[in-house]
Amino acid sequence: MASNIISMPVSIYALGGLGEVGKNCYCIENEQSIIIIDAGVRFPGTEYPGIDYIIPDWVHLKNNRNKVKALFITHGHEDHIGGIPFLVQSINIPIIYAPKLAAALIKNRLEEQKILSRVNIVEYDENTEVRVDQFKVRFFRVTHSIPDSFGMCIDTSEGRIVTTGDFKVDLTPIGPDFELAKLTKMGLEGVDLLLSDSTNAEIEGFTPSEKNVLSSIEEIFDSIMGRIIISTFSSNISRIQQICEVAVAHNRKIAIIGRSMEKAVEISRSFGYIKVPDSSIIQAEDIKLYKNNELLILCTGSQGEPMAALSRVANGEHKDLTIIPGDTVVFSSSAIPGNGLMIKRIVNTLTRAGADVITNSILSDIHSSGHASRQELRLVLKLVNPKYFMPAHGEYRMLRQHAEIAQTLGIPKENCFILDNGDCLVLSKKKVTRGYPVEHGNIYIDGTDINGLVPTVMVDRRILTDDGMLAIAIGVDTKSNTLIVPPTLFTRGLIKQGSSEALERCRMLVEQEVLDALKGKPSFADLKNKIKTVAGAFIYAQTRRHPMIIPLIMSKGE
Ligand SMILES: [Zn+2]
Ligand SMILES: [Zn+2]
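Note that the structure is a prediction, hence the values are computed from the model and not measured.

## Focus: the overall build of the protein
Scanning the protein from terminus to terminus reveals 15 helices and 25 strands. Projected onto its principal axes, the C-alpha positions of the protein cover 85 × 70 × 45 Å. Taking all 558 residues of the protein together, the buried fraction comes to 44%. A separation threshold of at least 6 residues defines the contact pool for the protein, and within that pool the share at least 24 residues apart is 74%.

## A short note on helix H15 (residues 524-543)
Each α-helix turn comprises 3.6 residues. Residues three or four places apart therefore point the same way. Between its first and last C-alpha atoms H15 spans 28 Å; for 20 residues at 1.5 Å apiece the expected length is 28 Å, and the two agree. For H15, the complete set of buried residues consists of Ile-531, Val-534, Ala-535 and Ile-539. Axial view of H15: buried residues confined to an arc of 125 degrees, hence all on one face. Every exposed residue of H15 that faces more than 90 degrees away from the buried side is listed here: Ala-525, Asp-526, Thr-533, Ala-537 and Ala-541. Phi turns positive one or two residues past the end of H15, at Arg-544, with a value near 60 degrees.

## Here's the deal with unusual backbone geometry
If a residue is not glycine, its phi is most likely negative; likewise, a peptide bond is most likely trans. Positive phi is not limited to glycine here, since Asp-38 has a value of about 70 degrees. Within the secondary structure layout, Asp-38 lies in the loop between strand E3 (34-37) and strand E4 (53-56). For Asn-385, which is not glycine, the phi dihedral falls at a positive 45 degrees. One can find Asn-385 in the loop between helix H11 (374-384) and strand E19 (388-392).

## A few points about the sheet that holds strand E15 (residues 281-282)
The six strands lie next to each other as E15-E14-E16-E13-E17-E18, forming an open sheet whose pairing is parallel. Every interior strand has two partners, whereas the edge strands, E15 and strand E18 (356-358), have only one. Looking at chain direction, strand E14 (residues 253-257) and strand E16 (residues 295-299) are connected through five bridges and run parallel. Bridging across to E16, Ile-256 finds its partner in Leu-298.

## A few points about the domain arrangement of the protein
When the domains of the protein are assigned, the result is domain 1 (7-205 + 369-453), domain 2 (210-363) and domain 3 (456-556). Centre-to-centre, using C-alpha coordinates, domain 1 lies 31 Å away from domain 2. Residue-level contacts link 19 residues of domain 1 with 20 residues of domain 2. A per-element tally of the side of domain 1 that touches domain 2 places helix H4 (residues 100-112) first, with five residues. Among the residues making up the side of domain 1 that touches domain 2, the classes are represented as eight nonpolar, seven polar and four charged.

## A word on H4
With 13 residues, H4 extends 19 Å between its outermost C-alpha atoms, agreeing within 8% with the 18 Å of an ideal straight helix rising 1.5 Å per residue. Three or more residues of H4 are buried, namely Leu-101, Ala-102, Ala-103, Ala-104, Leu-105, Ile-106 and Leu-110. Structurally, H4 contributes buried residues whose contacts are with helix H2 (78-81), helix H3 (84-90), strand E6 (96-99), strand E7 (121-124) and helix H8 (259-270). Downstream of H4 by a residue or two, Lys-114 has a phi angle that is positive, lying close to 60 degrees.

## Observations regarding the sheet that holds E3
On the basis of which strands lie adjacent, the open sheet formed by eight strands has the order E7-E6-E5-E3-E2-E1-E20-E21 and mixed pairing. Two strands in the sheet have a free side with no partner beyond their single neighbour: E7 and strand E21 (431-435). Within the sheet, the average angular offset between the axes of one strand and its neighbour, ignoring direction, is 25 degrees. Examined bridge by bridge, strand E1 (residues 10-16) and strand E2 (residues 25-29) share five bridges and lie antiparallel to one another.

## Some points on the environment of Lys-344
Its location among the elements puts Lys-344 in helix H10 (residues 340-352). Considered as a pair, Lys-344 and Cys-25 are 319 residues apart in the sequence and their alpha carbons are 32 Å apart.

## A look at the packing of H11 against helix H12 (residues 396-408)
The contact between H11 and H12 brings their axes to 10 Å, and the two run at 55 degrees. Considered as vectors, H11 and H12 are oriented oblique to each other. In the packing of H11 onto H12, the handedness of the crossing is right-handed. Taken together, the residues of H12 that come into contact with H11 (itself represented by Arg-374, Leu-377, Arg-378 and Leu-381) are His-402, Ile-405 and Ala-406. Grouping the constituent residues of the contact of H11 with H12 by class yields four nonpolar, one polar and two charged.

Criteria and cut-off values
- Within every chain, residues take consecutive numbers counted from 1 along the sequence as written.
- As a convention, the first chain written is A and the first ligand written is 1, with the rest following in written order.
- Residue-level local features of this predicted model are given only where pLDDT is at least 70; pairs of side-chain atoms are given and counted only at 80 or more, and the full residue set underlies all totals for whole chains, interfaces and linings.
- A run of DSSP states H or I qualifies as a helix once it reaches four residues; a run of E qualifies as a strand once it reaches two. Both are numbered from the N-terminal end.
- Here exposure depends only on C-beta density: within 10 Å of a residue's C-beta, 20 or more other C-beta atoms make it buried, 12 or fewer make it exposed, and intermediate numbers make it partly exposed, the C-beta atoms being placed from the backbone.
- Contact between residues is assigned whenever the C-beta positions, reconstructed from backbone atoms, fall within 7 Å.
- Expected span of a helix, by definition, is 1.5 Å for each gap between consecutive residues, and there is one gap fewer than residues.
- Each direction from the helix axis to a C-beta atom contributes to the arc, which is the arc of those directions.
- The criterion for strand pairing is that DSSP finds at least two bridges linking the strands in question.
- An automatic or database domain assignment supplies the residue ranges for each domain.
- Residues are grouped as follows: Ala, Val, Leu, Ile, Met, Phe, Trp, Tyr, Cys and Pro are nonpolar; Asp, Glu, Lys and Arg are charged; all remaining types, including Gly, are polar.
- Angles run from 0 to 180 degrees between N-to-C directions of axes, and those axes are lines fitted to C-alpha atoms, restricted for helices to the stretch in contact.
- Convention used here: angles under 35 degrees read as roughly parallel, angles over 145 as roughly antiparallel, angles from 65 to 115 as roughly perpendicular, and any remaining angle as oblique.
- Note on convention: the crossing is left-handed when the near helix lies turned anticlockwise from the far helix by less than a right angle, right-handed when the turn is clockwise.

Listed below in structure tokens is the structure:
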């Protein structure tokens, strides 16, 4: 059968997910076709003011739109599915293959944005085999923090590629087992290139099983008599499932606050992933009808996000829930790097309102995450025994550590490839080499505009947050070329000791500059430039800052 397949080198590259945790998007391409694995978002934290998401720039896919044949989704986490609404509006994706839970989450999202009808979503499971032109794709179940997580095996004319997707090796999972036997078989048959999850490559040992986490949840429920409020990611379905089931066993009713959490629980319950009777779920507005020890409240906002449920509750702005002394708030997810300050702020606010706050249980421990630690990474490398290795899903130092692990297991250094987004590997006749990079980048999404923000808007926002703003208004009679309203200065975020005096000096300098300039019949652009230059230099000399300077010229005449 192999004889009627024409040899075509295969390129492997990421448009997102390398050098970062988030916006995963890996592509496998030959002359005929491109298949995409995952289309995620990254949450920018406080690093990019006002930005909701960062998604990959799909320019390479747009330029090769006729070759894009299918999108495969490994599991339903936002860093793997969150970019789909943007991707399907940018290019035609003929078909999306996703496991059951991910498919439901994607459909829900596309329905909300009224674009579901454009998209063809097909569910797969561990028995599915898909052929896309020359690529033969099969799936194996892995264990992770959301049910229905898969790795993929892609057979090509040039060799076999295996990608783990996100995983940990949980031997006592909540839900089906990791299909280790299948992985072993693929390894025995021969795997040319392995891509594997690097998120916890810096952590030695084994990531604790979800079953261990269960006993910690039980301890919390056994020891607390007041209301229990647990904040976690709405995507952490396995965790939510355990918390809910323990709550039911402790005769507590469950109230859910936060739209994304409500949706996630509703969808997971409808598929039987979260098993809780209807009678245990109550509406948030009915919280007041129950005694303190009869309640579990689940809410979003574990990263301190200002708009999420927990922040609103902490600030006393939520209509259904106010913190009272005796409440216990449990953070059930570790801080995403960069969110530490926001979390500290919310912990303080909650404590001031009288709550006990638990941030250091096993629930908030990075070790109990859904990602494999070093021993599990070694195990997978041993079973798959790939010829070439490409660490995936992680910041540079995680990828680096993962590559070093592979080398200690005997994979030659020259066969381990630490890539950046856009870097390209070429698999040809079972050999992997580096190829030409493809175009890539970030798109910043503010709201739901699929086009994203141009980078200059981002630069402006950075300047405004870091250095503030100075607006300078003047009035000019363009007929007589005279200054009729002297400069008025407004500043925001540029406050300095004794600044009113400094601002007056700045004002005088600007006025002199404008008067001089007006002698030569300047254009508005000239005037604006002169104002910017003189004010900018003065402010920099005084404050060592480069605020955004906005000249406003009102004109009379013509
Ligand atoms: Zn994941
Ligand atoms: Zn992920």
